[in-house]
Amino acid sequence: MTIDELKEMLPTEQACRCYLEQAIWRDGRVCPHCGCLDSWELNGKTTRRGLYECSGCHGHFTVTTKTPMHATKLPLWTWLLAMYYILGSSKGVSSVILSRLIGVSQKTAWKLGHAIREMMDMSHEAFPAVGGVVEIDEKYLGGKPRKEKGVTHKRGKGTAKQPILVMVERAGIVRAQTIDNDRHESIAPVVERHVDMDSYLMTDQHQVYQRLGNQYAGHSYVNHGDLEYARGEVHNNTAESFNAILERAKQGVFHWLSKELLQRYINEVVFRWNHRQPTEKKNGKISWRPLPLLDQLWSLLSHAILRQVKRSHNGGLRICSTYV
Ligand SMILES: [Zn+2]
């Protein structure tokens, strides 16, 4: 879909608002203050369009209330355009580039980017766990080992780099989360939360997985220590592919990140991975392509409610995600 086609579909602010109402309230208009499903439109002469009153709490709201677009001063078109560019890029868009593309300051583009990434967060409990054959691997995000402030980062385990736990279905969806370290108490709760108990785990030889594997339907592992990377169907190749994308995204777009921000960028890479479809090439091989942009946009906006992004006292961003 080109920008002209998007503009044709959403020619006015009113059209953008109607589109957002359809996408965000697909299961019925919901009051973002109390969750009530009964409300009416306010039609006073001086009332702005798209304002509703809840029959439960009598609070007023619009489609953007308590979403990442809450109280926005930007045209809704600018938001949708930012979503268009972020969803349409294969590796993400830096705030500098985004600001030029949509005609806002870099600071505004930075905030927009994070608000949109917040909607990309698929780690909330409401999302289904990954299942089937699930490859689990730790990824240590960073560049080549090098001396930093007198510390030499090692490769892999034991490094000071940020560990990320990757849980990916073979030919399916992925979950990825930053963890404190590679010990059982850090890894087990994340796996238990994201991976269905009926799954068959594929991991490396790390002790933690031996213990975890007993809780699951099955478990096989390769022994990297013996330089073994695959044994028939026993491998972590899918997780490796995802890790490579994470690494490229980090090098290409985001260079230095705090742990909290890093999780948001991971969410973006995860969202992209989870919004692809397989197509069979002439030689019989499967290649994965992004879903059509409107499908991605529709999915993104289903996670808008209760994802209001506010500035935190320390200059970062925080999320308000509860009713009342
Ligand atoms: Zn209400």
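In this text, all values refer to a predicted model and were calculated from it rather than measured experimentally. (Residues numbered from 1 in each chain as written. Predicted model: local features only at pLDDT ≥ 70, side-chain atom pairs only at ≥ 80, totals over all residues. Heavy atoms only, no water.)

The next thing to look at is the sheet that holds strand 3 (residues 60-61). Across the sheet, which stays open at both edges, the three strands sit in the order 1-2-3 with antiparallel pairing between neighbours. Of all the strands in the sheet, just strand 1 (39-41) and strand 3 have a single pairing partner and so form its edges. (Pairing = 2+ DSSP bridges. Helix = DSSP H or I, 4+ residues; strand = E, 2+ residues; numbered from the N terminus.)

This part covers the coordination of the zinc ion. Distances from the zinc ion to its protein donors, Cys31 (SG), Cys34 (SG), Cys54 (SG) and Cys57 (SG), fall at 2.3 Å. In terms of primary sequence, the donors binding the zinc ion are separated according to C-x2-C-x19-C-x2-C. Linking Cys34 in the loop between helix 2 (13-24) and strand 1 with Cys57 in the loop between strand 2 (52-54) and strand 3, this pair joins segments that are 23 residues apart in sequence. (Donors = N, O, S within 2.8 Å, 3.2 Å for Na, K, Ca; no water.)

Here we come to a nonpolar patch on the surface. There is a patch of nonpolar side chains on the surface, built from Val96, Ile97 and Leu101 and spanning about 220 Å² of accessible area. When you line up the elements, Val96 lands in helix 4 (residues 95-102). (Patch = residues over 30% accessible without salt bridge, like charges linked within 9 Å, V, L, I, M, F, W, Y side chains within 5 Å. Areas by Shrake-Rupley, 256 points an atom, 1.4 Å probe, with all protein chains shown as cover. Salt bridge = Lys/Arg side-chain N within 4 Å of Asp/Glu carboxyl O.)

Another aspect to go through is the confidence of the model for the chain. On average, residues of the chain score 85 in pLDDT, and 85% of them are at 70 or above. Counted against residues more than four places away or in other chains, residues 143-147, with its pLDDT under 50, gives ten contacts. (pLDDT = per-residue confidence, 0-100. Contact = heavy atoms within 4.5 Å.)

It is worth spelling out the nonpolar core at this point. One broad trend across soluble globular proteins is that nonpolar side chains are buried collectively. Within the largest apolar cluster, 44 residues are counted, with the highest numbers of intra-cluster contacts made by Met83, Leu300 and Leu301. Of all elements in the fold, only helix 2, strand 2, helix 3 (76-88), helix 4, helix 5 (106-119) and helix 10 (293-301) reach the threshold of two or more residues within this core. Sorting elements by how many residues they give to this core places helix 3 first, with eleven residues. Not counting the four nearest positions on each side in its chain, Met83 is found in contact with Met69, Gly88, Ile116, Met119, Leu297, Leu300 and Leu301. If you look at the next biggest cluster of nonpolar residues, it comprises 16 residues, including Leu165, Ile179, Val191 and Leu212. (Core = buried A, V, L, I, M, F, W, Y, C linked by side-chain atoms within 4.5 Å. Buried < 20%, exposed > 50% of the residue type's maximum accessible area, 1.4 Å probe, protein only.)

This part takes up the packing of aromatic side chains. Across all of its chains, the model carries six aromatic pairs by this definition. Consider the rings of Trp25 and Phe61, whose centres lie 5.9 Å apart with planes at 90°: the pair is edge-to-face. Placement of Trp25 in the loop between helix 2 and strand 1 and of Phe61 in strand 3 is noted, with a sequence separation of 36 residues between them. Each member of the pair Trp25 and Phe61 is classed as buried. Measuring from ring centre to ring centre gives 5.4 Å for Phe242 and Trp273, while their planes differ by 85°; the resulting arrangement is edge-to-face. Here the residue Phe242 occupies a position in helix 8 (residues 237-252), and Trp273 occupies one in helix 9 (residues 259-274), the gap between them amounting to 31 residues. Like Trp273, Phe242 is buried. Cluster of aromatic residues (ring-pair linked, three or more members): Trp25, Tyr52 and Phe61. Positioned above the aromatic ring of Trp77, the side-chain terminus of Lys7 is 4.3 Å from the ring centre. (Phe/Tyr/Trp six-rings, centres within 6.5 Å; stacked < 30°, edge-to-face > 60°. Lys NZ or Arg CZ within 6 Å of the ring centre and 35° of its normal.)

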